[in-house]
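What follows is each chain in one-letter form.
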Amino acid sequence: MGLQFKTETFRDDFTFSNSPEAIHRFPFPFDSDSYMYSVNIEQHMPGPPKSHVEFPIDIDEHYVAEMQDRAMVLKEDPLRCQALPHMLTAEWDLVELLMESMSKHYPEHFSLTKDGDRWHWVNRPLGIDQRFTFGDTATLPYPPMEYVTRQCQGDFALIDQRNDMLFMDAGMITTQADWSLDFDIGMSWTEWHGPVPLAHDLGIMDRALKFLLNLQQGRPVRRLNWTMTVNPRLDTSPENYHKWGVDRTTVTPENVGDKVHLRVELQALWRLPRSNAIVFSIRCYLIKMSELVTIPKWGRRFPRILKGLPPELAEYKGLTRYRDMTIKYLEQFDDGAPTSPGFFPD
Amino acid sequence: MSGGVEITVRVAEIEQATASVKRFRLASASGEPLPVFSAGSHVVVSMDDGGHRIRNPYSLIDRAPDGLSYRIGVLRTPNSRGGSIFMHERVSVGSELVITMPVNLFPLIRTGRKHVLVAGGIGVTPIYAMADELRSQNAPYEVHYAMRDEANGAFAAELVERHGDKVRLYRDDAREIIRVEEMLPNQPLGTHLYVCGPEGMINAILAGGRAAGWPVENLHSERFLAPPGGAPFSVALAKAGITAEVGPHQSLLEAIEEAGVDAPYLCRGGACGQCVTTVLSFEGELIHNDHYLTDEEKASGTKIMTCVSRLNGRELVLDL
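No experiment lies behind these values; they were computed from the predicted model shown.

(A) Focus on the overall build of chain A. Each helix and strand in chain A was counted, giving 13 helices and 10 strands. Each of the three principal axes of chain A carries a C-alpha extent, and together these read 60 × 45 × 40 Å. Counting only residues that meet the buried cut, chain A has 35% of its 346 residues in that class. In chain A, 70% of the contacts between residues at least 6 apart in sequence involve partners at least 24 apart.

Here it is, written out as structure tokens:
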């Protein structure tokens, strides 16, 4: 059975919501009642059926609405998608990775047929039927990375590796948690991670860099990252801070359950074959507090996490203003019972 | 398995390219296309020598247009610990081998304005792939290839055929040597140089580059070390609770693997750092042969790269 794509918005009237199935498969990022940074990288292996990691590229009920939101972001600000010229080979690598994975795992929605370099791509949910020559940019209506990422959920950064350093040299970034591709483009790993608190002192950034420099083809890895967002807004970019920053002041005890969202990023990294570049995918999942508490284990655990969060982290994640109100709301659902280890619902 | 995903291949063709070099065409055993790779990549070939496992890294020359095979070149080395002799004498058309996924420790720098490729002897294998890639991208490049004599220039004819006057050949027997002081000073700013060949040649080219005022970031080399032998010693693996003997012609990593412990590795040539292991204690002197650890790390006596380094002494205790 194919996915039922929802009609919903991530701006203005904010009609986004999760179905019970989507809540159940939400990538809840806490495997115990306390949280601190760790490299927490694992192999990006297929996970349990119907989970968010069943397939390497996860497509869900929000696909069509997210792609429409991306198109709106790009129309207002084309600089959300940029690629330095030397990344063209990596762009084609990404076309191959995404089209192959989407068509293999969601054949009722996407299909890819190849005759040598002549490829035929069909995207049924978005009504696209495209024949093109792999490697020939002139045969696509957009540059290769832009073309394929206008049709795939998640942000994507293409990272070049030179002289034992990584560089953010291309990307499609429209669903970001307050960082800017236009600001970061061309920066090295150490430059773009400059603002992250605590992690540098723990040596985490250096170890993670060393690990990624040796990332192997055929062995992708993943990690989860999280923050919180007021209103189900995908585009919380610095460029649009004037639109969403003020949202943080609108949380009240009456609306907190619907307004405050846990925002989880499934971050995955692949070594690309032709370019030796790395693709960093950042797939954003949103869940309302009122949806989260329908899973009793998460309703107990999340207020405990928020209470124990170091102040620097709360500040960095931008949730200081509404943290207490959120804890108060969530505590109604925490009866103090112990929680079972691991991420998944009981 | 610690080296990553493995692929079974069958030898489809062997070509005696020179008196001492054979080129092998490795075909996918499953019939599925082999992974695309970026120029400069190598695979580690795993050979089963009567229950004794030998693993050697070889650079990939090319991938057939249909994707179903790779080519590698193997120089028969007189002081071989078994790998190149095994490839030359025991491997025939139809033989099955296991290779790792391609790994690239010698990549082209895609921001480079121009690329100068320098190869000596069997070091031509990654350079061959790099030249092909630069040609297909219409990037400016030149190739300098030094060989002993015409009969040893296995790749010379193919290089000239593919790259024409971008190739310059040097024959030792005609007393033609690469003059680094002529080659480097007039290159445009932003040029990158890549050298692969015998140790002495790499050192001379890199020194020449620095003398010409090139930034070290623009000078690239790949040297795969064959693990040097030495006096035998014993290794104790603290976590596994195993003690093993390291033979005079065996590497530390090979002895660990033979003892049944799945230790990490990637290049098996002292370059990538994947096999770095914590040393708990040792009696004697650590012989560091890698190009990865810093001098301070080597002097600290707390880290060792098991693929090429060893102990001159009685016993080494590792955190494995």
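So that's the structure; there's more coming.
(B) Quick look at the overall build of chain B. Summing up its helical and strand segments, chain B has 7 helices and 17 strands in all. On C-alpha atoms alone, chain B measures out to a radius of gyration of 20 Å, which is about the 20 Å that the 2.2 N^0.38 rule sets for 320 residues.

(C) Representation of the domain arrangement of chain B within the structure. Residues and elements named next belong to chain B. Assigned domains within chain B: domain 1 (6-103), domain 2 (114-222) and domain 3 (233-318). On a C-alpha basis, the centroid separation for the pair domain 1 and domain 3 is 26 Å. Taken together, the 6 residues of domain 1 in the interface contact 6 residues of domain 3. Per-element accounting of the side of domain 1 that touches domain 3 gives the leading share, 3 residues, to strand β4 (residues 52-63). Of the residues that constitute the side of domain 1 that touches domain 3, the class distribution is 3 nonpolar, no polar and 3 charged.

(D) Region of interest: unusual backbone geometry. Residues and elements named next belong to chain A. Phi is positive for K50, which is not a glycine, with a value near 70°. Looking at the element boundaries, K50 is found in the loop between β1 (42-43) and α2 (63-76). Even without being glycine, N163 reaches a positive phi, approximately 50°. On the basis of neighbour count, N163 is assigned to the partly exposed category, with 14 C-beta atoms found within 10 Å.

(E) Highlighting the pairing of strand β10 (residues 278-288) of chain A. Residue and element names in this part refer to chain A. The element β10 is extensively covered by neighbouring structure, given that 9 of its 11 residues are classed as buried. In terms of strand pairing, strand β9 (residues 260-271) meets β10 through 11 bridges, oriented antiparallel. Directly across from A268, in β10, lies its bridge partner S281.

(F) Main features of the environment of A:E54. All names here are of chain A. Turning to its location among the elements, E54 is positioned in the loop between β1 and α2. As for E54 and F156, which are separated by 102 residues in sequence, their C-alpha atoms are 19 Å apart. Aside from chain neighbours lying at most four places away, what touches E54 is P46, G47, P48 and P49.

(G) Region of the structure containing the sheet that holds strand β4 (residues 118-123) of chain A. Residues and elements named next belong to chain A. The strand order β3-β4-β5 describes an open sheet built from 3 strands, whose pairing is antiparallel. The sheet is open, and its two edges are formed by β3 (110-115) and β5 (128-133), each paired on a single side. Averaged over all pairs of adjacent strands, the angle between strand axes in this sheet comes to 10°, irrespective of strand direction. Here β4 runs beside β5; their pairing, made up of 6 bridges, is antiparallel. By the bridge assignment for β5, R118 is matched with T133. Seen against the sheet, helix α3 (residues 88-105) touches β3 and β4 and runs at an angle of roughly 120° to β3.

(H) Here's a closer look at the nonpolar core. Residue and element names in this part refer to chain B. Of all hydrophobic cores here, the largest spans 85 residues; its most connected members are L117, V118, I127, M130, A131, V235 and I256. Ranked by residue count, the leading element in this core is helix α2 (residues 124-136), at 7 residues. Non-local contacts of A131, meaning those with residues more than four positions away in its chain, are made with L117, Y141, V143, L159 and H163.

About the thresholds
Residues numbered from 1 in each chain as written. Chains lettered and ligands numbered in written order. Predicted model: local features only at pLDDT ≥ 70, side-chain atom pairs only at ≥ 80, totals over all residues. Helix = DSSP H or I, 4+ residues; strand = E, 2+ residues; numbered from the N terminus. Buried ≥ 20, exposed ≤ 12 C-beta atoms within 10 Å, placed from the backbone. Contact = placed C-beta atoms within 7 Å. Rg over C-alpha atoms; globule rule 2.2 N^0.38 Å. Domains from an automatic or database assignment. Nonpolar A, V, L, I, M, F, W, Y, C, P; charged D, E, K, R; others polar. Pairing = 2+ DSSP bridges. Axes fitted to C-alpha atoms, helices over the stretch in contact; angles between N-to-C directions. Core = buried A, V, L, I, M, F, W, Y, C linked by C-beta atoms within 7 Å.

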